[in-house]
Amino acid sequence: MTAASFKLRYAGAAFLTALLSAAAVAALLMLRYQAEASALSGLATATERARVGAELQARAQSIAAHAAESVAGAVRAGDSAGIARRLQPFLEDPTVDSLAVENRQGGALYSFERRTPPGPGAQSALVTVPVRLTTESFPGATSSGTLATLTLTLEPAAPAAAVPLGGQLAALAAAHSSLTWWLALLLAMGGGVAAAALAWRAVHELERPLESLIRSADRIGVGDYTRPVEVRKHDPLAALAQAFERMRGRLRQATISRSYLHSMLNSMTDAVFITSPDGVIKLANSAALKLLGFGEQELIGRGIAAIFEERERAGFDLEQAAQETRETVVRTRAGQTIPVSFTGSVIASDDPQFQGSIFVARNITDRKRAERRIRYLARYDALTKIPNRMQFYHLLQQAIARALRAGQIVAVLYLDMDRFKEVNDTFGHGAGDRLLEVLAERLTRAVPKETVVGRLAGDEFALCVDGLPAETDNRGPIAQLSRAILTEVSRPFQLNQQEVFLTASVGIAFCPRDAENVIDLIRNADAAMYYSKQNGGNTFAFYSPEMNAAAVERLMLKSKLRRALERDELEIRYQPKVDLRSGRIIGAEALLRWRLPGHGDIPPSLFIPLAEETNLILDIGEWVLNRVCMDYRQMQREGSDPGRISLNLSLKQLRQASFILRCRSVFRRHGVSPTAFELEITESTLMADAPRTVRLLDELFAMGLHLSIDDFGTGYSSLSALQQFPIGTLKIDQSFVRDASEDAGDATIVRTIIEMGRSLGMEVIAEGVESLAQLEFLRDHACLYAQGRLFGEPCTAAELRALLARQAAGTLPFAHLLRGGAEAAAPRLA
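(A) Main features of the overall build of the protein chain. On a plain count of helices and strands, the protein chain comes out with 27 helices and 25 strands. Every one of the 830 residues in the protein chain was classed for burial, and the buried ones make up 42%. Approximately 43,800 Å² of the protein chain is accessible, and the part contributed by carbon and sulfur atoms is 55%.

(B) Examining helix α10 (residues 389–406) more closely. Across its 18 residues, α10 extends 25 Å between first and last C-alpha, which sits within 8% of the 26 Å expected from 1.5 Å per residue. All buried positions along α10 are accounted for by Gln-391, Phe-392, Leu-396, Ala-399, Ile-400 and Ala-403. At its buried positions, α10 is contacted by α9 (365–379), β10 (409–418), β11 (452–457), β12 (460–468), β15 (503–511) and α14 (518–534). Where α10 begins, the capping side chain belongs to Asn-388, and its oxygen is found 3.3 Å from the backbone nitrogen of Met-390. Downstream of α10 by one or two residues, Gly-407 has phi in the positive range, about 70°.

(C) Structural detail: the pattern of salt bridges. Counted by the stated rule, this structure contains 35 salt bridges. With its nearest N and O atoms 2.8 Å apart, the salt bridge here joins Asp-418 to Lys-533. With Asp-418 in strand β10 and Lys-533 in helix α14, the pair connects residues that are 115 residues apart, well separated along the chain. Note on Asp-418: relative accessible area 8%, which makes it buried. Between Arg-523 and Asp-520 there is a salt bridge, and its shortest N-O distance comes to 2.8 Å.

(D) Geometry of the pairing of β10. Counted residue by residue, β10 has 10 buried out of 10 residues, so it is predominantly covered. Bridge count for β10 against β15 is nine bridges, and the pairing is antiparallel. Looking at the pairing, Leu-413 lines up with Ile-508 of β15.

(E) Geometry of the confidence of the model for the protein chain. Considering every residue of the protein chain, the mean pLDDT works out to 82; 82% of them sit at 70 or more. Counted against residues more than four places away or in other chains, residues 135–144, with its pLDDT under 50, gives eight contacts. Confidence drops under a pLDDT of 50 for residues 821–830, and excluding neighbours within four residues, the segment shows 16 contacts in the predicted structure.

(F) Region of the structure containing the packing of helix α19 (residues 659–670) against helix α21 (residues 690–703). The N-to-C vectors of α19 and α21 enclose an angle of 15°; their axes lie 11 Å apart at closest approach. Considering the angle they form, α19 stands roughly parallel to α21. The interaxial crossing formed by α19 with α21 has right-handed handedness. On α21, the residues touching Phe-659, Ile-660, Cys-663, Arg-664 and Phe-667 of α19 are Leu-696, Glu-699, Leu-700 and Met-703. Of the residues contributing to the contact of α19 with α21, the split by class is seven nonpolar, no polar and two charged.

(G) Just the pairing of strand β8 (residues 337–347), in detail. Where strand β7 (residues 325–331) and β8 come together, seven bridges link them in antiparallel fashion. Directly across from Thr-328, in β8, lies its bridge partner Val-340. Counted along the chain from β7 to the antiparallel partner β8, the turn is five residues long, and its residue Gly-335 has a positive phi close to 95°. Taken together, the eight bridges between β8 and strand β9 (residues 356–363) define a ladder with antiparallel strand orientation. When the bridges of β9 are listed, Thr-343 appears paired with Val-360.

(H) Structural context of the packing of α10 against α14. The contact between α10 and α14 brings their axes to 10 Å, and the two run at 110°. One way to sum up the angle between α10 and α14 is to call them roughly perpendicular. Every residue of α14 that contacts α10 at Phe-392, Tyr-393, Leu-396, Gln-397 and Ile-400 is listed here: Val-518, Ile-519, Leu-521 and Ile-522.

(I) Representation of the sheet that holds β15. Taken in spatial order, the five strands make up an open sheet running β11-β12-β10-β15-β16, and their pairing is mixed. Only two strands of the sheet have a single neighbouring strand rather than two, namely β11 and β16 (539–542). Adjacent strand axes in the sheet meet at a mean angle of 20° when their direction is disregarded. With five bridges connecting them, β11 and β12 associate as antiparallel partners. The partner of Ala-457 across the bridge, within β12, is Glu-460.

(J) Summary view of the sheet that holds strand β2 (residues 108–113). Reading across from one edge, β2-β1-β4-β3 is the order of the four strands in this open sheet, with antiparallel pairing throughout. In this open sheet, the two strands that pair with only one neighbour each are β2 and β3 (125–132). Averaged over all pairs of adjacent strands, the angle between strand axes in this sheet comes to 15°, irrespective of strand direction. As paired elements, strand β1 (residues 96–103) and strand β4 (residues 146–154) share seven bridges and run antiparallel to each other.

(K) Examining the state of the cysteines more closely. One pass over the structure, following the stated rule, counts zero disulfides. We note that Cys-511 lacks a disulfide partner, and the nearest cysteine sulfur, in Cys-464, lies 9.3 Å from it. On the basis of relative accessible area, Cys-511 is assigned to the buried category, the value being 0%. Left unpaired, Cys-663 is separated from the closest cysteine sulfur, that of Cys-629, by 8.8 Å. Judged by its relative accessible area of 2%, Cys-663 is buried.

(L) Inspection of the side chain of Asn-285 at higher detail. Within the secondary structure, Asn-285 sits in the loop between β6 (281–284) and α5 (286–292). A distance of 3.0 Å separates a polar side-chain atom of Asn-285 from the backbone nitrogen of Ala-288. Once residues lying within four places of it in the same chain are set aside, the contact partners of Asn-285 are Leu-265, Asn-266, Met-268, Asp-270, Ala-271 and Val-272.

(M) Looking closely at the environment of Gly-301. The residue Gly-301 is located in the loop between α6 (296–299) and α7 (310–313) in this model. Sequence separation of Gly-301 and Lys-282 is 19 residues, and the distance between their C-alpha atoms is 6.4 Å.

(N) Structural view of the nonpolar core. The biggest cluster of nonpolar side chains holds 87 residues, and the ones touching the most others in it are Tyr-574, Phe-677, Leu-778 and Phe-791. Counting residues per element, this core draws most heavily on helix α17 (residues 616–637), which supplies 10 residues. Leave out the neighbours within four places in its chain, and Leu-778 touches Leu-580, Val-737, Val-750, Ala-766, Val-769, Cys-783 and Ala-786. Core analysis: the second largest hydrophobic core is formed by 37 residues, Met-417, Leu-481, Val-506 and Phe-540 among them.

(O) Molecular detail of the environment of Gly-315. Looking at where Gly-315 falls in the secondary structure, it is placed in the loop between α7 and α8 (318–321). According to the relative accessible area criterion, Gly-315 is exposed, its value standing at 57%. Linking Gly-315 and Ala-305, residues 10 residues apart in sequence, is a C-alpha distance of 9.9 Å.

(P) Local environment of unusual backbone geometry. The amide bond that connects Cys-511 to the next residue, Pro-512, takes the cis arrangement and shows omega of 15°. Within the secondary structure, Pro-512 sits in the loop between β15 and α14. Within the chain, Ala-782 stands out as a residue other than glycine whose phi angle is a positive 65°. For Ala-782, the position within the fold is in the loop between α25 (772–780) and β25 (785–786). Using a relative accessible area of 38% as the deciding quantity, one classes Ala-782 as partly exposed.

(Q) Looking closely at the environment of Gln-57. Mapped onto the elements of the fold, Gln-57 is located in helix α1 (residues 3–77). Along the primary structure Gln-57 and Glu-155 are separated by 98 residues, whereas in three dimensions their C-alpha atoms are 9.8 Å apart. Setting aside anything within four residues of it in sequence, one finds Gln-57 in contact with Ala-125, Leu-126 and Val-127.

Definitions and cut-offs
- Each chain carries its own residue numbering, running from 1 in the direction its sequence is written.
- For this predicted model, a pLDDT threshold of at least 70 governs which residues receive local features, and a threshold of 80 or more governs which side-chain atom pairs are given and counted, while totals over whole chains, interfaces and linings are taken from all residues.
- Each side-chain value is worked out from all heavy atoms of the structure, with water and hydrogens disregarded.
- The secondary structure listing takes helices from DSSP runs of H or I that are at least 4 residues long and strands from runs of E that are at least 2 residues long, numbered from the N terminus.
- Buried residues are those whose accessible area, probed at 1.4 Å on protein chains only, stays under 20% of the maximum for their type, while exposed residues exceed 50% and partly exposed ones sit between those limits.
- In short, Shrake-Rupley with a 1.4 Å probe defines the accessible areas, and a residue's cover is counted only from the protein chains shown.
- One fewer than the residue count of a helix, multiplied by 1.5 Å, yields its expected span.
- Should any heavy atoms of two residues lie within 4.5 Å, those residues are considered in contact.
- Nitrogen and oxygen atoms within 3.5 Å of one another constitute a polar contact, given that in protein one can donate a hydrogen and the other can accept it, and given that sequence-neighbouring residues count only through two side-chain atoms.
- Salt bridge, as used here, is a side-chain nitrogen of Lys or Arg placed within 4 Å of a carboxyl oxygen of Asp or Glu.
- For two strands to pair, DSSP has to find at least two bridges joining them.
- How sure the predictor is of each residue is captured by pLDDT, a score from 0 to 100.
- Here an axis means a line fitted to C-alpha atoms, over the contact stretch when the element is a helix, while the angle between two N-to-C directions is reported on a 0 to 180 degree scale.
- Roughly parallel means an angle under 35 degrees; roughly antiparallel means over 145; roughly perpendicular covers 65 to 115; every other angle is labelled oblique.
- For a crossing to be left-handed, the near helix must be turned anticlockwise from the far one by less than a right angle; the clockwise case is right-handed.
- Ten residue types, Ala, Val, Leu, Ile, Met, Phe, Trp, Tyr, Cys and Pro, are classed as nonpolar, four, Asp, Glu, Lys and Arg, as charged, and the remainder, Gly among them, as polar.
- Two cysteine sulfur atoms make up a disulfide if the distance between them is within 2.5 Å.
- Definition of nonpolar core: a set of buried residues of the types Ala, Val, Leu, Ile, Met, Phe, Trp, Tyr and Cys, connected through side-chain atoms within 4.5 Å.

Pasting the structure below:
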């Protein structure tokens, strides 16, 4: 509707309203005038009738009295005919309507009545007079001479043709009403025009705020609650505008709350379904749509049970589901089944439209996968994908039970890699893990399909062979299987583009011969494996009861080693390092010995691995450093020059975070210079975590310590790797020196190491020199330094001081060996 039509409509309505109001007022005035005229006419008529009635009553009284006098004599005489004759003249008067004479007893003496009905509004006068001969004493009472009564009814004559006063008043009221009507009509038209003008002006004043309200209502209608409604205090629609503004505020707040609720629901990663009390879905968030693959309109209106997989629908109970959390399976639009955790809760509300239930479905596919993974990892090794210790024990227990019932034999092979630790130290644990994976694959291929292969720990594996006949000797087939396994293991492994050769040790035990339960059978096979390892590895051994004694001894040594430091059972021996050009002692290597009461000397090859296994090597290493510094300080006090003292450094010591600080502290405490000492490091230790090792060795070298590579030639270091370390000495491993004078291959290796050390500017020391032939070979190939039993057994600090004292006095202890003297033992020390 346009503004003009709006104005015309309201102006016309105002004009029509004014016109109708004026007409109503005129009608009311006319009715009032007519009522007043009617009342005046009635009053005039009543007055006229009263006057005519009084005149008629007086005339009737007169006629009745005259008639009574006329018939008095005839009545006394009882002459009825005389009565009628005497009354006949009176009957000729047309106004006499009825005339009757009755005696004192009420009997009719004469009666006359006209049969003409009275006209509308006719008046009459009824008069009763006594008939007597005497005169009346007063009106209404007769003397004792009353003979009868005469009753007369008199009608008036016809009314005059002239208009009575009431009619004139009515005519005057009609004329006045017509005039009033026209005046009211004129007044209504004028008032209508004025009202229309006022309405036009009023509507004009309402037009702007009304249009503003319409625009605001349109915005609110489309959901735009952000722009406030314009409100002016003096506007005629200010109250309405304020009401609109309050409504907008409430709608905005409700919309914000609802939008926030939708935003919150849609931001949840869990699927949310809101249902009616009968389980029909009314709302589903974005996660629910994504989970099931349905559109919102496709999902709304469905029953909540429809989202479940068919087997889950049968046992679905809405009331129970709305009060618990359970695991179930839903089916997507594409037919995929997804495991979910389904939680329900009842929505408590007094408003029926908000009543129902809310369900939250969480996708637990990852959790189920993790649970399956956990169950798998609980039974299988994550790295090699073969049964772990627990699963292997379980399968072995089943095999033992079957064998005992069937009278058969079960064989357990316990396998441990030889020197596997060096692989981890040299190439890193990642390479070691890869080697174990390859090893597990090789073992699985090398054994029969029904053989169970398990990884017990680290580089320890076990194999279970069941179904062996009890009546035959099964050692032959098992020995053949063990050889096949060792052959498979000894094949080269490719690690970091290098070939690595490893061996293994295998121990074998039989059930029921060696044990009838899992724990004892595994322990006995383990003991046999350690027996193989002690015999050099790369072999297998069948269990015998004596092997358990060795295993018990090993455990005993572990326990006693913990108390060896406290009981001062450890000793330091020194092996002199000799200059092959002069026979002069240029230093010594500190060697650790363990003298266990009741057991004698325990060789280092036996207790050093135990110390590394138990981490006692750290405490032992610090004890050795302190003892050597004390001995060195004592030699200096006595005026001896012991040269450089070498100490062996293990990988665990080097990896100790505070190792360098401890070294500094020990040297400072004893007042000795680090330049008087040399740390011997194996190739495997050197190559373990090379970047970190370089940094640590640089710090040690900066302190003044000399560094040497022990057992050089047995590890995996390369020339390029050696050049990055601050190494000053190469020590040729005794395994090469032992046969260098007889074996061409060893001789070539020794000669190559000597030449390489000389070209790198390093000192070269040959270890394990035990014969003059070895000594002459080394001197012939320009090896300047050596150590070994040819120069005597490792000696105590006191014996070393004695040798140094003789040397200081001018007698070189080993000069006679260099002059080609007899192959005799080193001179006896005082």
